[in-house]
Amino acid sequence: MSDSEGCLFCSIVKGEVPSTKVYEDEQVFAFEDIAPKAKVHVLIVPKKHVASVAELADSDSRTLAHIVDVARDIARERYNGSFRLVFNTGADAGQTVFHAHAHVLTGEVLDE
Ligand code: 5GP
Ligand code: ZN
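The rules behind each value
Residues numbered from 1 in each chain as written. Chains lettered and ligands numbered in written order. Predicted model: local features only at pLDDT ≥ 70, side-chain atom pairs only at ≥ 80, totals over all residues. Heavy atoms only, no water. Near = heavy atom within 4 Å. Polar contact = N/O pair within 3.5 Å; in protein donor to acceptor, adjacent residues only side chain to side chain. Areas by Shrake-Rupley, 256 points an atom, 1.4 Å probe, with all protein chains shown as cover. Helix = DSSP H or I, 4+ residues; strand = E, 2+ residues; numbered from the N terminus. Nonpolar A, V, L, I, M, F, W, Y, C, P; charged D, E, K, R; others polar. Buried < 20%, exposed > 50% of the residue type's maximum accessible area, 1.4 Å probe, protein only. Pairing = 2+ DSSP bridges. Phe/Tyr/Trp six-rings, centres within 6.5 Å; stacked < 30°, edge-to-face > 60°.

1. Concerning the site of ligand 1
Here comes step 1: Around ligand 1, the surrounding shell holds 16 residues, and the nearest of these are Asp33, Asn88, Thr96, His101 and His103.
Here comes step 2: Within the side chain of Asp33, one N or O atom sits 2.5 Å away from an oxygen atom of ligand 1.
Here comes step 3: Within the side chain of His101, one N or O atom sits 2.9 Å away from an oxygen atom of ligand 1.
Here comes step 4: Protein coverage of the free-state accessible area of ligand 1, which is 520 Å², stands at 83%.
Here comes step 5: Looking at the shell around ligand 1, the elements that each hand over two or more residues are helix 1 (8–14) and strand 2 (28–32).
Here comes step 6: No other element matches the three residues that helix 1 contributes to the shell around ligand 1.
Here comes step 7: Grouping the amino acids of the shell around ligand 1 by side-chain chemistry returns eight nonpolar, six polar and two charged.

Right under this line is the structure:
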């Protein structure tokens, strides 16, 4: 597992960096993306630091499955249940924060 020291999303989970919380339980923390790319753009992160969803799949598939449940529930509560779930994985794919996170995009008809 990669280092959690200085990790932005670990700081958000701990409340050291402010965020607009959407949902929280023992396994995950969900909050509004600071630069939304859709009417509803929520990030869901495992509370435990792992660098990417690839690492999460290796180490904790239960939490990975739970992230999908939480995304589904957010899309039902905030829209009509339709949503896009994105995990940028690795710098070449556009990952900029190296703490695993799901982007939940919903709230409107999304572009291709
Ligand atoms: P990535 O590019 O790694 O898949 O996604 C990182 C996401 O984190 C981006 O959509 C970016 O807008 C969001 N982000 C970066 N810094 C912050 C922050 O301080 N607070 C919040 N709420 N979101 C952030
Ligand atoms: Zn972290």
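2. So, the pairing of strand 3 (residues 40–46)
Here comes step 1: The buried fraction of strand 3 amounts to seven of the seven residues, a majority that puts the element mostly inside the structure.
Here comes step 2: Covered by surrounding structure in strand 3 are Val40, Val42, Ile44 and Pro46 together with His41, Leu43 and Val45, the residues of both alternating faces.
Here comes step 3: Pairing of strand 2 with strand 3, which is carried by five bridges, proceeds in the antiparallel orientation. What sits directly across from Ala30, in strand 3, is Ile44.
Here comes step 4: Where strand 3 lies against strand 5 (residues 102–106), five bridges are found, and the strand directions are antiparallel.

3. Notes on the packing of aromatic side chains
Here comes step 1: In the structure shown here, the tally under the stated rule is two aromatic pairs.
Here comes step 2: Between Phe9 and Phe31, the aromatic rings sit 5.4 Å apart at their centres with planes inclined by 75°, giving edge-to-face as the arrangement. Of this pair, Phe9 sits in helix 1 while Phe31 sits in strand 2, and the two are 22 residues apart along the sequence. With respect to class, Phe9 is no different from Phe31; both count as buried.
Here comes step 3: Considering the side-chain rings of Phe29 and Phe31, the 5.9 Å spacing of their centres and the 40° angle between planes classify their relative orientation as tilted. Judged on exposure class, the residue Phe29 and its partner Phe31 are both buried.
Here comes step 4: Members of the aromatic cluster, connected to one another through ring pairs, are Phe9, Phe29 and Phe31.

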